[in-house]
Protein chains: 2
Amino acid sequence: MKRLTLEEIGELAGVSRSTVSRVINGHPNISAPVRQRVEDVIRQTGYQPNSAARSLASSQSRVFGLVMPSILQSAFADPYYPLVIQAISHACNRNDYTPALFLFQTVEEEEKVSQRIVASGLIDGIIVTADTIESTFVNKIQQYDIPFVQIGRPPRSSLADVSYVDVDNEAGAYLATSHLMQLGYRRIGQLATAHNTAGADRDAGYRQALSDRGLPFDKSLIEVSDFSEAGGYGAMQALLDREPDAVFAQSDAIALGAIRAIRDRGLTVPDDIAVVGFDDMPLASSADPPLTTVRQPINRTGVLAVETLIDIVKTSPKPARHIVLPVELVIRASSGAVS
Amino acid sequence: MKRLTLEEIGELAGVSRSTVSRVINGHPNISAPVRQRVEDVIRQTGYQPNSAARSLASSQSRVFGLVMPSILQSAFADPYYPLVIQAISHACNRNDYTPALFLFQTVEEEEKVSQRIVASGLIDGIIVTADTIESTFVNKIQQYDIPFVQIGRPPRSSLADVSYVDVDNEAGAYLATSHLMQLGYRRIGQLATAHNTAGADRDAGYRQALSDRGLPFDKSLIEVSDFSEAGGYGAMQALLDREPDAVFAQSDAIALGAIRAIRDRGLTVPDDIAVVGFDDMPLASSADPPLTTVRQPINRTGVLAVETLIDIVKTSPKPARHIVLPVELVIRASSGAVS
DNA sequence: AAGAGAATTGAGAGCGCTCTCAACTTTTGC
DNA sequence: GCAAAAGTTGAGAGCGCTCTCAATTCTCTT
């Protein structure tokens, strides 16, 4: 079927191009019969406005870039990202935006592609996630005047200028650690992560909980991992030598790796060592034992990122928006609170 | 910084808009000094052509749609998809294409969005994956003349008309099942999947292997699951009553669930029941016990899908391209072949 | 019933690029 | 050394839409 133009739709409906354009864009002040006639023609012909022409004339594309700078193989395999992406995709669909995906594995790739997308007008706004503390990506795009929101807060230095959607990582870690302390555990280790603000905040919550209850902070009880199951396994192996009686893992994947390491050492969860995770991934509830963990609203995070970005595109508000979503502790068997 | 136009670049370089356009698009017959001058100006100004204007004039957008129709929550969490997406993203970046993501959770969503993207010219081509046997998505877009490739073969009925990239699922399952038979197992169950051709082909390979070695086919040894760990757990529980001595799982996630179910029943892998998976996900090698599985080249699948689509866009070749990639058996402890 | 104001519609000028065609310049063949 | 061919550049006409501005029609008021 041949692709129609506004002009041709107008002809079929007996009105001008301008009027058809008004109907499509929902302008007021169109008489009911005309609107009806035009809508009928559009429906019958299956007409879809040409998006290139639209964005050329209106200088907006209704495309958002979803950018994950310097993503690691393992990081992307963490179910967190698929779930965020799914939420973002859905929210975009609902709002007639198209999400374009930009994953960067090397600095050169990031350099080349981000340059192109930021300056070509392909994109109306950017959602950045998985940015590291050290990363320059957010700093880089701040120089252009393209709207963007970050998922996960940026480092303190750019906090004020950047709009973001985050979950309350500190409160979550505080909850998890306090929970373990209430159960009587005293040597509470942490499987931490580096290079991201979520990790830093979870670490802060862990320390705050210890100090609020007067438990001494023991640096040797912290092991650094990446966000993978394998990373958790390795870190826990190292931590086992320090004989913790409980451990707070900064993600469910890490917690699962930790449980495997504990088992391989011939110990039992939670009897010998209690484990708490973070995320409440689907697999947390079916783990063995079911994982006590901090549930974060991943879906809401993605949706709010899209909605915030739409708002920024429309109204370019100052100051930047900061959204922090609450988390909750989900108690299951791995912490020893329930059998 | 103000956004420049072709005209302005031309002015700065002392040539016309047309010449600058030629330089950018790599046309021949530009004198060396002129090309040099223009390239210098472009580099200094950081000029990027406006993509809307470009696609309006050339009627191609250099955007590909990555479509996953009727995706299920659980399906997308399978690490397979993140890995394919990553490969596709990377291949697009390298070829100056932009991947736009379309995940559909409901039929209405699919209807509305696909209508828009197919007819609006936003997209030069489509990569479809995760389509089901019953799905109408591929059939639907066949009616438009938009180039597309499918990842995973389509149902037989549209086989001839559809270009696709697939792995040799049947050979993989054959390998896996034969391996178990060679080890002496005789009651070899299968944790199968429905609604997708990969599942059907793996089932065919499983049956072929049994029949080639004269083992009777026992329908009661097949349980149907989805592609999740939880699905594998449930299906294996049911299968355990039929007392298999080995099981071929159609994915690693399913295999992991199966192992958990076997353990929960107080049995051991591989001593009581051997398990073989499919995919060779990162977690397969670190599983307990390490998983014998069929390795499929996910990265190559994604890259070839992009490259094939680019080729189709450029040359619209007939007949359709069919690419089937080889798989290999990776032997680890879970099948009892190695300790 | 006439004039003011509001509502409705159309005409026209771009948005920034590509691409054809024509003009001009250089090279080549004999 | 001159015509023909090839190489190089510029002008101009769109691509299909949005948006302003002006023209026309309708609706009130008094």
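Residues numbered from 1 in each chain as written. Chains lettered and ligands numbered in written order. Predicted model: local features only at pLDDT ≥ 70, side-chain atom pairs only at ≥ 80, totals over all residues. Heavy atoms only, no water.

We now examine the pattern of salt bridges. All chains considered together, the criterion is met by 32 salt bridges over all chains. A salt bridge links K112 of chain B to D96 of chain A; its shortest N-O distance comes to 3.7 Å. On the criterion of chain membership, the pair formed by K112 of chain B in helix α7 (residues 107-119) and D96 of chain A in the loop between α6 (80-94) and β2 (98-103) is interchain, its members lying in two chains. In this structure K112 of chain B comes out as partly exposed when scored by relative accessible area, which is 40%. Taking the shortest distance from any N to any O, the salt bridge between D203 of chain B and R207 of chain B comes out at 2.9 Å. (Salt bridge = Lys/Arg side-chain N within 4 Å of Asp/Glu carboxyl O. Helix = DSSP H or I, 4+ residues; strand = E, 2+ residues; numbered from the N terminus. Buried < 20%, exposed > 50% of the residue type's maximum accessible area, 1.4 Å probe, protein only.)

Time to look at the domain arrangement of chain A. Residue and element names in this part refer to chain A. The domain architecture assigned to chain A consists of domain 1 (6-49), domain 2 (63-167 + 299-325) and domain 3 (169-296 + 329-335). One C-alpha centre belongs to domain 2, the other to domain 3, and the line joining them spans 29 Å. Across the contact, 15 residues belong to domain 2 and 13 residues belong to domain 3. Of the roughly 1200 Å² buried between domain 2 and domain 3 on both sides combined, carbon and sulfur atoms contribute 54%. (Domains from an automatic or database assignment. Contact = heavy atoms within 4.5 Å. Buried area = accessible area lost by both parts, 1.4 Å probe.)

Least-squares fitting of chain B to chain A yields an RMSD of 0.1 Å, with the superposition described by an axial translation of 0.1 Å and a rotation of 180°. On this basis, the relationship between the two copies can be described by a two-fold rotation axis. Taking C-alpha positions as reference, the residue of chain B nearest the rotation axis is A100 of chain B, located at 2.0 Å. Taken together, the interface assignments show that 98% of the residues at the interface of chain B recur at the interface of chain A, consistent with an identical surface on both copies. (Least-squares fit on C-alpha atoms with pLDDT ≥ 70 in both.)

On to the interface of chain B and chain A. With 48 residues of chain B in contact, the opposing surface of chain A contributes 48 residues. Across the chain B to chain A interface the summed buried area is about 4500 Å²; carbon plus sulfur atoms make up 53%. Among the residues of chain B in contact with chain A, Q48, Q86 and N93 of chain B are the three that bury the most area, contributing 14% of the side total. Of the charged contacts in the structure, one is a salt bridge between R116 of chain B and D96 of chain A, with a shortest N-O distance of 3.8 Å. Between the two partners, chain B and chain A, sit 20 residue pairs in polar contact (both at pLDDT 80 or more). Mapped by element, the contributors of at least two residues to the side of chain B that touches chain A are α4 (51-58), α5 (73-77), α6 (80-94), β2 (98-103), α7 and α12 (252-264) of chain B. (Polar contact = N/O pair within 3.5 Å; in protein donor to acceptor, adjacent residues only side chain to side chain.)

Neighbouring DNA strand D are 26 residues; L6, R17 and Y47 of chain A together with T19 and R22 of chain B lie closest to it. Take S18 of chain B: an N or O atom from its side chain is 3.0 Å from a base nitrogen of DNA strand D. Interatomic distance of 3.4 Å between a side-chain N/O atom of N29 of chain B and a phosphate oxygen of DNA strand D. Among the elements of the structure, α2 (17-24) and α4 (51-58) of chain A together with α2 (17-24) and α4 of chain B are those that each provide at least two residues to the surface near DNA strand D. (Near = heavy atom within 4 Å.)

This part is about the protein's contact with DNA strand C. With respect to spatial proximity, 26 residues lie near DNA strand C, and among them T19 and R22 of chain A together with L6, R17 and Y47 of chain B are the closest. In the model, a phosphate oxygen of DNA strand C is placed 3.1 Å from a nitrogen or oxygen of the N25 of chain B side chain. At 3.2 Å from a phosphate oxygen of DNA strand C is found a main-chain nitrogen or oxygen belonging to N50 of chain B. For the surface near DNA strand C, the secondary structure elements donating two or more residues are α2 and α4 of chain A together with α2 and α4 of chain B. Here the residues of the surface near DNA strand C sort into ten nonpolar, eleven polar and five charged. (Nonpolar A, V, L, I, M, F, W, Y, C, P; charged D, E, K, R; others polar.)

Residues with a pLDDT of 70 or more make up 97% of chain A, whose mean pLDDT is 92. For chain A, helix α5 (residues 73-77) of chain A is the element with the lowest average pLDDT, namely 65, and strand β10 (residues 292-295) of chain A is the one with the highest, namely 98. (pLDDT = per-residue confidence, 0-100.)

Here we take up the sheet that holds strand β12 (residues 328-330) of chain B. All names here are of chain B. Read from one edge to the other, the open sheet built from six strands follows the order β7-β6-β8-β9-β10-β12, with strand pairing classed as mixed. Unpaired on one side and paired on the other, β7 (222-225) and β12 mark the two borders of the sheet. Taking each pair of neighbouring strands and ignoring which way they run, the sheet shows an average axis angle of 20°. Where strand β10 (residues 292-295) and β12 come together, three bridges link them in antiparallel fashion. Looking across to β12, one finds that V294 is bridged to L329. Running at roughly 165° to strand β6 (residues 188-193), helix α10 (residues 197-212) makes contact with β6, β7, β8 (246-249) and β9 (274-279) of the sheet. The sheet strands contacting helix α11 (residues 229-240) are β6, β7 and β8, and the helix crosses β7 at an angle near 155°. (Pairing = 2+ DSSP bridges. Axes fitted to C-alpha atoms, helices over the stretch in contact; angles between N-to-C directions.)

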